[in-house]
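What follows is the residue order along each chain.
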Amino acid sequence: MLIDSHCHLDYFTEAERPGVIARAQAAGVGEMVTIGTTLEQSRQAIAMAEAAAAVWACVGVHPAHAGEAGAIPAPETIAALTRHPKVIGIGETGLDYFYDKAPRDVQAANFAAHIRAAQLTGLPLAIHARDADDDIAAMLEAAFAERQFLFLLHCFSSGRRLAERALAIGGYVSFSGMLTFPKSVELRAIALDVPAERLLVETDSPYLAPVPLRGSRNEPGNTVHTARTLAGLRGMSEAALADLTTGNFRRLFTKAA
């Protein structure tokens, strides 16, 4: 069984979601994590997880929303949301210097609040990194030196150095459908070098549909295409890759074990 470690089920209507989940399970993706991007949307993610046994939730504020009025939550506010039994992680959070929808100091304050929440709760962070590798690595290293915490670089598309710095302090790395794109040569080289015990897979759906489904709306069931590519890169059977990444998921997201 595969697990989609990062998706956005709120982009599907209430009527569509049962079919999305059923198609995923039929494809061999038995569970999925729907991700918070604002506090209000995080509460919706919790409700979606409550409604479906196969769905877990993460809660947090995406860097694109950090500049909105009152958007940056106190670490204790984030921690309170994680008390729900279906909430297994915090995020997504991080830094996005590509779109720069919030001032960078505001993004950093938001990221710091989520790191602190991870330190308070012991739950892992799902980190969004876009054109901000050095600043993300520096914030993670400084915070980790003060108090250790768990984290995942989701939908990894950054440079090799960020992967190396994250792995050095215990981070995990998740690959999406981008791994299947013809131009993702360097990304596949990085995926080959990530230690086996730190690998996860995801869709980031409804975005980033993998080859051979480019141009369509992505769904959690399409995790199988990324997993197939990753298995081929690493010389593993698809079944072995599924066992590996699901075991890694359970070790990182301990509430889902």
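A brief look at the structure comes next. Note that the structure is predicted; figures quoted are calculated from it, not measured. (Residues numbered from 1 in each chain as written. Predicted model: local features only at pLDDT ≥ 70, side-chain atom pairs only at ≥ 80, totals over all residues. Heavy atoms only, no water.)

## Examining the packing of aromatic side chains
Phase 1 of the analysis: A full pass over the atoms with the stated rule returns six aromatic pairs.
Phase 2 of the analysis: Look at Tyr11 and Tyr207: their rings are 5.5 Å apart centre to centre, the planes differ by 70 degrees, and that puts the pair in the edge-to-face class. You can see Tyr11 sitting in the loop between strand 1 (2-7) and helix 1 (17-27) and its partner Tyr207 sitting in the loop between strand 8 (199-201) and helix 8 (223-234), a full 196 residues away along the chain.
Phase 3 of the analysis: Taken together, the ring pairs connect Phe144, Phe149 and Phe151 into an aromatic cluster.
Phase 4 of the analysis: Positioned over the ring face of Trp56 is Lys86, at 5.2 Å from the centre of the ring. (Phe/Tyr/Trp six-rings, centres within 6.5 Å; stacked < 30°, edge-to-face > 60°. Helix = DSSP H or I, 4+ residues; strand = E, 2+ residues; numbered from the N terminus. Lys NZ or Arg CZ within 6 Å of the ring centre and 35° of its normal.)

## Thoughts on the pairing of strand 7 (residues 172-175)
Phase 1 of the analysis: A two-sided burial pattern is seen for strand 7, the buried positions comprising Tyr172 and Ser174 on one face and Val173 and Phe175 on the other.
Phase 2 of the analysis: Note: strand 6 (residues 151-153) against strand 7, two bridges, orientation parallel. Opposite Leu152, over in strand 7, you have Tyr172 as the bridge partner.
Phase 3 of the analysis: At this point the chain moves from strand 6, through helix 6 (residues 160-168), to the parallel strand 7, and the crossover so formed is right-handed.
Phase 4 of the analysis: When strand 7 meets strand 8, the two strands line up parallel, connected through three bridges. Residue pairing for strand 8: Val173 is matched across the bridge by Leu199.
Phase 5 of the analysis: Between strand 7 and its parallel partner strand 8, the chain crosses via helix 7 (residues 185-193), and the hand of that crossover is right-handed. (Buried < 20%, exposed > 50% of the residue type's maximum accessible area, 1.4 Å probe, protein only. Pairing = 2+ DSSP bridges. Right-handed = clockwise from strand over helix to strand, strands pointing away.)

## Digging into the pairing of strand 3 (residues 55-59)
Regular strands place their side chains on alternate faces of the sheet.
Phase 1 of the analysis: In terms of burial, strand 3 is largely enclosed, as five of its five residues are buried.
Phase 2 of the analysis: Two strands pair when backbone bridges link them, and strand 2 (residues 29-35) and strand 3 are joined in this way by four bridges, in the parallel orientation. Looking across to strand 3, one finds that Met32 is bridged to Val55.
Phase 3 of the analysis: Bridge count for strand 3 against strand 4 (residues 87-96) is three bridges, and the pairing is parallel.

## Examining the side chain of Thr245
Phase 1 of the analysis: Within the fold, Thr245 resides in helix 9 (residues 238-252).
Phase 2 of the analysis: Within polar-contact distance, the side chain of Thr245 engages the backbone oxygen of Ala242 at 3.4 Å.
Phase 3 of the analysis: Residues contacting Thr245, with those up to four places away along its chain left out, are Leu2, Leu199, Leu200 and Val201. (Polar contact = N/O pair within 3.5 Å; in protein donor to acceptor, adjacent residues only side chain to side chain. Contact = heavy atoms within 4.5 Å.)

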